[in-house]
Amino acid sequence: MYNLELFVIAVYCLIADALYPDFCKSYGKPRRAGFDPVLTDAECLTIELVGHFIGYPTQKQLYEQMRERFGV
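What counts and how
- Residues numbered from 1 in each chain as written.
- Predicted model: local features only at pLDDT ≥ 70, side-chain atom pairs only at ≥ 80, totals over all residues.
- Heavy atoms only, no water.
- Core = buried A, V, L, I, M, F, W, Y, C linked by side-chain atoms within 4.5 Å.
- Buried < 20%, exposed > 50% of the residue type's maximum accessible area, 1.4 Å probe, protein only.
- Helix = DSSP H or I, 4+ residues; strand = E, 2+ residues; numbered from the N terminus.
- Axes fitted to C-alpha atoms, helices over the stretch in contact; angles between N-to-C directions.
- Parallel < 35°, antiparallel > 145°, perpendicular 65-115°, else oblique.
- Contact = heavy atoms within 4.5 Å.
- Nonpolar A, V, L, I, M, F, W, Y, C, P; charged D, E, K, R; others polar.

(A) Examining the nonpolar core more closely. If you look at the biggest cluster of nonpolar residues, it comprises 12 residues: Leu4, Val8, Val11, Ile15, Tyr20, Cys24, Leu39, Ala42, Ile47, Val50, Leu62 and Met66. Where this core is concerned, the elements lending two or more residues are helix 1 (4–27), helix 2 (41–54) and helix 3 (59–70). No other element matches the six residues that helix 1 contributes to this core.

This is how it looks when you write it as structure tokens:
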């Protein structure tokens, strides 16, 4: 059975290598101005998708769990 770390890596690779580049080609990059964010768009999407899959009810709980586990 796979552990959470491998699941997160697999989801990130899928988003970063396949889904996000195709989205940017079709619609352009969503972020165009402002300061550079700490996390990339692919990292943010990965955290949100994994958190939804695991079942965290709030973004705060999700962020705290990811920060503890992965140092995000």
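(B) Structural detail: the side chain of threonine 46. Topologically, threonine 46 is positioned in helix 2. On the basis of relative accessibility, which here comes to 3%, the residue threonine 46 falls in the buried class.

(C) Expanded view of the packing of helix 2 against helix 3. It is the contact of helix 2 with helix 3, at a shortest axis distance of 10 Å, that shows an interaxial angle of 110°. Here helix 2 is positioned roughly perpendicular relative to helix 3, judged by the angle of their axes. Contacts between helix 2 and helix 3 involve Ile47, Glu48, Val50 and Gly51 from the former and Gln59, Leu62 and Met66 from the latter. Classifying every residue of the contact of helix 2 with helix 3 by side-chain character gives four nonpolar, two polar and one charged.

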